[in-house]
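# An overview of the molecular structure
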Amino acid sequence: MKQSIKLTNFQKDLALVAMRNYRKTFSGDGQKLFDISYKKVQQMEKEIELDGMEMIYLTQALRFQGKEYFHTNNKELSMLYRDFGNQIENIRFVFQHKNNPLLKSKKAASAGTLTA
C-alpha cells in the first residue's frame, strides 16, 4: 500500500536538499534502499506515492537537515525542516493505522472485551 502525498515545489526542494545531505550517511544496501525513495522525490511532479518505510526515510532526512541547521545557529531553517518532517510523520502515522491489519484486529478484539 502507498500513500499519495501532494507537495508544493518549495516542499519538494526542502525534501531534495534534506535527502541529498542525509544520503551521505548511508552506505551499501542501506543507501540502495534510501535511493529508491530519493529518486521518487526527484522525479515527482505535484504528487508522490510513498509507502511507510519511504515516509520514514523522508522524515529522517528532514529531521537530520533540521539538526544540521540548528547546529549552525540557523533556528528558522531548522524549525522549517523539523516541522515539515513532523507533517510527513503525521501522514505516515495515519497511513499506518489505517492500513495495518494487526492494528485493526487489536482494536476489534479489545472492543469486544470491554464491559459497561
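Residues numbered from 1 in each chain as written. Predicted model: local features only at pLDDT ≥ 70, side-chain atom pairs only at ≥ 80, totals over all residues. Heavy atoms only, no water.

## Overview of the overall build of the protein chain
In plain terms, the rule: Helix and strand definitions here come from DSSP, where helices need a minimum of 4 consecutive H or I residues and strands a minimum of 2 consecutive E residues; each element is numbered from the N-terminal end. Residue exposure (1.4 Å probe, protein chains only): buried if accessible area is under 20% of the type maximum, exposed if over 50%, otherwise partly exposed. The contact definition used throughout considers only heavy atoms, calling two residues in contact when any of these lie within 4.5 Å. Here the open area of atoms and residues is found with the Shrake-Rupley method and a 1.4 Å probe, where only the protein chains shown may cover a residue.
Scanning the protein chain from terminus to terminus reveals five helices and two strands. In sequence order, the protein chain lays out its α and β elements as β-α-α-β-α-α-α. Per-residue burial for the protein chain yields a buried fraction of 34% across its 116 residues. In the protein chain, 66% of the contacts between residues at least 6 apart in sequence involve partners at least 24 apart. For the protein chain, the computed accessible surface area is about 7500 Å², with 56% contributed by carbon and sulfur atoms.

## Details of the packing of aromatic side chains
Rules: By convention, a stacked pair of Phe, Tyr or Trp rings (six-membered ring in the case of Trp) has centres within 6.5 Å and planes under 30 degrees apart, an edge-to-face pair has planes over 60 apart, and any other such pair is tilted. Cation placement over rings: the criterion is NZ of Lys or CZ of Arg within 6 Å of the ring centroid and within 35° of the ring normal.
In total, this model carries eight aromatic pairs according to the counting rule given. With centroids separated by 6.4 Å and ring planes inclined at 25°, the aromatic side chains of Phe34 and Tyr38 adopt a geometry described as stacked. Highlighted residues: Phe34 and Tyr38, both in helix 2 (residues 28-43), separated by four residues, approximately one helical turn. A residue is classified by how much of its surface remains accessible, and Phe34, at 0% relative accessible area, is buried. Ring pairing ties together the aromatic residues Tyr22, Phe26, Phe34, Tyr38, Tyr57 and Phe64, which thus form one cluster. Of note, Lys75 hangs over the ring of Phe70, and the distance from its end group to the ring centre comes to 4.2 Å. Above the face of the Phe70 ring, Arg82 is positioned so that its terminal group lies 5.6 Å from the ring centre.

## Notes on the packing of helix 3 (residues 52-71) against helix 4 (residues 75-99)
Heads up, the rule is: Fitted lines through C-alpha atoms give the axes, limited to the stretch in contact for helices. The angle between two N-to-C directions lies from 0 to 180 degrees. Note on terminology: angles under 35 degrees are roughly parallel, angles over 145 are roughly antiparallel, angles of 65 to 115 are roughly perpendicular, and the others are oblique. Crossings are classed by handedness, with left-handed meaning an anticlockwise turn of the near helix from the far one by less than a right angle and right-handed meaning a clockwise turn. Note on residue classes: Ala, Val, Leu, Ile, Met, Phe, Trp, Tyr, Cys and Pro are nonpolar, Asp, Glu, Lys and Arg are charged, and everything else, Gly too, is polar.
Packing of helix 3 against helix 4 leaves a shortest axis separation of 8 Å and a crossing angle of 165°. Taken together, helix 3 and helix 4 sit at an angle that is classed as roughly antiparallel. When the axes of helix 3 and helix 4 are compared, the crossing they make is left-handed. Taken together, the residues of the contact of helix 3 with helix 4 sort by class into 12 nonpolar, eight polar and six charged.

## Brief notes about the pairing of strand 1 (residues 3-6)
Let me state the cut-off plainly: Following DSSP output, two strands are said to pair if at least two bridges run between them.
By the alternation rule, side chains of strand 1 split into Gln3 and Ile5, which are all buried, and Ser4 and Lys6, of which none is buried. Bridge count for strand 1 against strand 2 (residues 47-50) is four bridges, and the pairing is antiparallel. Bridge pairing links Lys6 to Glu47 in strand 2.

## Looking at the pattern of salt bridges
Definition in use: One side-chain nitrogen of Lys or Arg within 4 Å of one carboxyl oxygen of Asp or Glu is enough to make a salt bridge.
Within the structure shown, the criterion is met by four salt bridges. Between Lys2 and Glu54 there is a salt bridge, with the nearest N and O atoms lying 3.7 Å from each other. Taken together, the positions of Lys2 in the segment before strand 1 and Glu54 in helix 3 put the pair 52 residues apart, joining distant regions of the chain. Here Arg23 makes a salt bridge to Asp35, at a shortest N to O gap of 2.5 Å. Of the two residues, Arg23 is situated in helix 1 (residues 9-23) and Asp35 in helix 2; the sequence distance between them amounts to 12 residues. Via salt bridges that share partners, Lys2, Lys40 and Glu54 belong to a single interconnected network.

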